[in-house]
Amino acid sequence: MAFKKLVLFGAGKIGRSFIGQIFSRAGYDVVFIDVDERVISELNRLHQYRVMIKSDEGDSEMLVTHVRGVLAANESEVAGEISTCDIAATAVGPMALPKVCALIAKGLELRHKKIADYPLDIILAENLREAASLVRAEISKNMLNDIDLGNYLGLVETSIGKMVPIMPANLSEVDPLLVFAEPYNTLILDKKGFKNPLPTVPDLAPKENMPAWVDRKSFIHNLGHAAAAYYGFSRYPELVYLHEVMVKPDVYKTTRDTMLQSADILMRQYPGEFTSESLTEHIDDLLHRFSNKALGDTVYRVGQDLYRKLSPEDRLVAPLKLAIKYRMPYDKILNIIACAMGFCAVDEHGNRSSSDMKFGEETNMGISHILENVCKLPVDDYPEVHDQAHKKIKALF
């Protein structure tokens, strides 16, 4: 086919600063699908946007070109774009995925009529476990025609490690397309998910064992973020920014030690996939990135949403359960869970989310209540965890 086009659902921060940017620089026309009328209008007026790379070494600017947009409400136009693209991607978040899947189903049907021998690969930039299964089910239930999706649809899971700096609201008002980004630019994705040959995009890092790399993101990156926020707040509640707590030697050491403990668990879960040296190098790189003052990341943003971050399959409890399964140490991870009990950082307006306020009320019932009802670690099944947690709470508070 003569064209080289990416259809990208989601013109938000990850869509513009990461997925759209790396494909545009690799020679793709990027068509953004979004509900934001102003963003779509500006994309079609300018056909380019700026990405500001923020780092402690200094800021730099990148111009992303060959872009345009289509409103998600224009379903027939969206379907037409899908029917003639080389590859598609989503960067919309779990809540919007069902609506996106309905649009994709219409596009697939039109595409199949035009080019039945050209499958569609979709990169799922969602940081969502089992994203491919979820999206396949949603697309299937919206299909009107009998198309063999097993052969015609490639669903490519990813591990999104890019951190997007906070932008001042006044800049977005002036230029709604401007987006900040950190220098990190690697897109880890599932090599086995593609039906077509891998795209020639320099920043892609295809992996054979994708579940291992999804867990690496959760057990190392996300866990490290949580450790820095929860332990950092417990020791220095007056500090606002993540880089401020990261320069404290005790926070840095505790965060690193907790990440290393989780790395050991990750290697036990996926023997042969990682080495101690590679994970240690990854951890030290993340710690450097967490300390990037230019990101402007706050302790509040990193630590908020406690119900999700302490849920049984998320960054802290999931590796802890694996440690118990393999009879490995988990004391450092449990210490961070205990620190989360006292996390009450506020945003720039002095507010907390209603969800976290409710969590705070539940902590009055004790850590065993949180372990039982939020982390789903019943005392009858995990008595040692409860016993150690009570000791840690007494030491902390």
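(A) Looking closely at the state of the cysteines. Tallied over the entire structure, the rule returns zero disulfides. Here Cys339 stays free of any disulfide, with the sulfur of Cys344 as its closest cysteine sulfur at 12 Å. Accessibility expressed as a relative area gives 1% for Cys339, which makes it buried.

(B) Looking closely at the environment of Leu144. Looking at the element boundaries, Leu144 is found in the loop between helix H5 (131–142) and helix H6 (149–152). For Leu144, a relative accessible area of 74% gives the class exposed. Put simply, Leu144 and Glu109 are 35 residues apart on the chain and 7.8 Å apart in space, counted from C-alpha to C-alpha.

(C) Just unusual backbone geometry, in detail. Positioned with a positive phi, Asp305 is a non-glycine residue whose angle comes to about 75°. Secondary-structure assignment places Asp305 in the loop between helix H12 (299–303) and helix H13 (306–309). Positioned with a positive phi, Lys376 is a non-glycine residue whose angle comes to about 60°. Its location among the elements puts Lys376 in the loop between helix H17 (367–373) and helix H18 (383–396).

(D) Quick look at the pattern of salt bridges. Going through the model one piece at a time under the given rule, you end up with 21 salt bridges. Among the salt bridges present, the one from Glu75 reaches Lys106, with a minimum N-O distance of 3.9 Å. Taken together, the residues span a long stretch of sequence, with Glu75 in helix H3 (residues 75–83) and Lys106 in helix H4 (residues 97–114) at a distance of 31 residues. Close ionic contact of Lys141 with Glu138 constitutes a salt bridge, the shortest N to O distance being 3.4 Å. One end of the pair, Lys141, and the other, Glu138, are both in helix H5, three residues apart, so they sit about a helical turn from each other. Residue Lys141 is classed as exposed on the basis of its relative accessible area of 61%. Residue classification places Glu138 among the buried positions, given a relative accessible area of 16%. Overlapping salt bridges, with partners in common, bring together Lys5, Arg68 and Glu81 in one network.

(E) Spatial organisation of the packing of H4 against H5. Between H4 and H5, the shortest axis-to-axis distance is 8 Å and the interhelical angle comes to 55°. Considered as vectors, H4 and H5 are oriented oblique to each other. Read as a crossing pair, H4 and H5 show a hand that is right-handed. On H5, the residues that touch Leu97, Pro98, Cys101, Ala102, Ile104, Ala105, Leu108 and Glu109 of H4 are Leu134, Val135, Glu138, Ile139 and Asn142. Taken together, the residues of the contact of H4 with H5 sort by class into ten nonpolar, one polar and two charged.

(F) Layout of the sheet that holds strand E6 (residues 87–90). Overall, mixed pairing links the eight strands, which are arranged E5-E2-E1-E6-E7-E8-E10-E11 in an open sheet. Edge positions in the sheet fall to strand E5 (67–71) and strand E11 (204–207), since each of these pairs with one other strand and no more. If you compare each strand with its neighbour and ignore which way they point, the axes differ by 25° on average. Sheet analysis places E6 next to strand E7 (residues 120–124), joined by three bridges and oriented parallel. Considered in E7, the bridge of Ala88 is made with Ile122. Relative to the sheet, helix H1 (residues 13–25) contacts strand E1 (5–9), strand E2 (29–34), E6, E7, strand E8 (153–160), strand E10 (187–190) and E11, its axis offset from that of E2 by approximately 155°.

(G) The packing of aromatic side chains, seen in detail. Under the definition given, this model contains six aromatic pairs. Centre to centre, the rings of Tyr307 and Phe359 are 5.5 Å apart; their planes meet at 85°, and the pair counts as edge-to-face. Residue Tyr307 is located in helix H13, and its partner Phe359 is located in helix H16 (residues 354–363); the two are separated by 52 residues in the primary sequence. On the accessibility criterion, Phe359 (1% relative accessible area) is buried. Feature note: the residues Tyr230, Phe233 and Phe343 constitute an aromatic cluster, connected by ring pairs. Cation over ring: Arg235 sits above Tyr236, and NZ or CZ is 5.3 Å from the ring centre. For Arg289, the ring lying beneath its charged end belongs to Tyr184, and the centroid distance is 3.9 Å.

Conventions used here
Residues numbered from 1 in each chain as written. Predicted model: local features only at pLDDT ≥ 70, side-chain atom pairs only at ≥ 80, totals over all residues. Heavy atoms only, no water. Disulfide = S-S within 2.5 Å. Buried < 20%, exposed > 50% of the residue type's maximum accessible area, 1.4 Å probe, protein only. Helix = DSSP H or I, 4+ residues; strand = E, 2+ residues; numbered from the N terminus. Salt bridge = Lys/Arg side-chain N within 4 Å of Asp/Glu carboxyl O. Axes fitted to C-alpha atoms, helices over the stretch in contact; angles between N-to-C directions. Parallel < 35°, antiparallel > 145°, perpendicular 65-115°, else oblique. Left-handed = near helix turned anticlockwise from the far one by under 90°. Contact = heavy atoms within 4.5 Å. Nonpolar A, V, L, I, M, F, W, Y, C, P; charged D, E, K, R; others polar. Pairing = 2+ DSSP bridges. Phe/Tyr/Trp six-rings, centres within 6.5 Å; stacked < 30°, edge-to-face > 60°. Lys NZ or Arg CZ within 6 Å of the ring centre and 35° of its normal.

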